[in-house]
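Here is what each chain is made of, one letter per residue.
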Amino acid sequence: MPAVASLYRDDLLDAGVDVIGVSQFNTTEVATREFVELHELTFPNFYDPDGAVATAYGIRGVPSYVFIDKEGRIARTSSGARGVELIEAILGELSVE
């Protein structure tokens, strides 16, 4: 998440790309807030205690990324710690489409 936060601050915010963090799986709301503060995450984050967001988007592991296109449709998903390069590549693909 800190790498995503840096990418968000440096590039995505000015490009009009939204990032939303969802915390669940073996954590608490308090731990989520502490993590956000510790890593200075400047994009919205929330705690999803019953996993409703994960269920809605078919997320089975963390971290997971769901990329939603300009029409509001799920364009791509990715699971696992794959790094900023993957995020940048997918965003590049989506901006061309």
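Residues numbered from 1 in each chain as written. Predicted model: local features only at pLDDT ≥ 70, side-chain atom pairs only at ≥ 80, totals over all residues. Heavy atoms only, no water.

*Asks:* Please clarify how the environment of Ser 78 should be interpreted in this entry.
*Replies:* On the secondary structure map, Ser 78 appears in strand β4 (residues 74-79). In this structure, the C-alpha to C-alpha distance between Ser 78 and Val 66, residues 12 residues apart in sequence, is 6.7 Å. In contact with Ser 78, not counting residues within four places along its chain, are Pro 63, Ser 64, Tyr 65 and Leu 86. (Helix = DSSP H or I, 4+ residues; strand = E, 2+ residues; numbered from the N terminus. Contact = heavy atoms within 4.5 Å.)

*Asks:* Hey, could you run me through a negative patch on the surface in this one?
*Replies:* Taken together, Asp 10, Asp 11, Asp 14, Glu 85 and Glu 88 make up a surface patch of like negative charges. Counting residues per element, the ones that place at least two in the negative patch are α1 (2-15) and α4 (84-96). Broken down by element, the residue count for the negative patch peaks at 3 residues, all from α1. Of note, Asp 10 is situated in helix α1. Given the relative accessible area of 52%, Asp 10 is considered exposed. (Patch = residues over 30% accessible without salt bridge, like charges linked within 9 Å, V, L, I, M, F, W, Y side chains within 5 Å. Areas by Shrake-Rupley, 256 points an atom, 1.4 Å probe, with all protein chains shown as cover. Salt bridge = Lys/Arg side-chain N within 4 Å of Asp/Glu carboxyl O. Lys, Arg positive; Asp, Glu negative; His and termini not counted. Charge placed at Lys NZ, Arg CZ, Asp CG, Glu CD. Buried < 20%, exposed > 50% of the residue type's maximum accessible area, 1.4 Å probe, protein only.)

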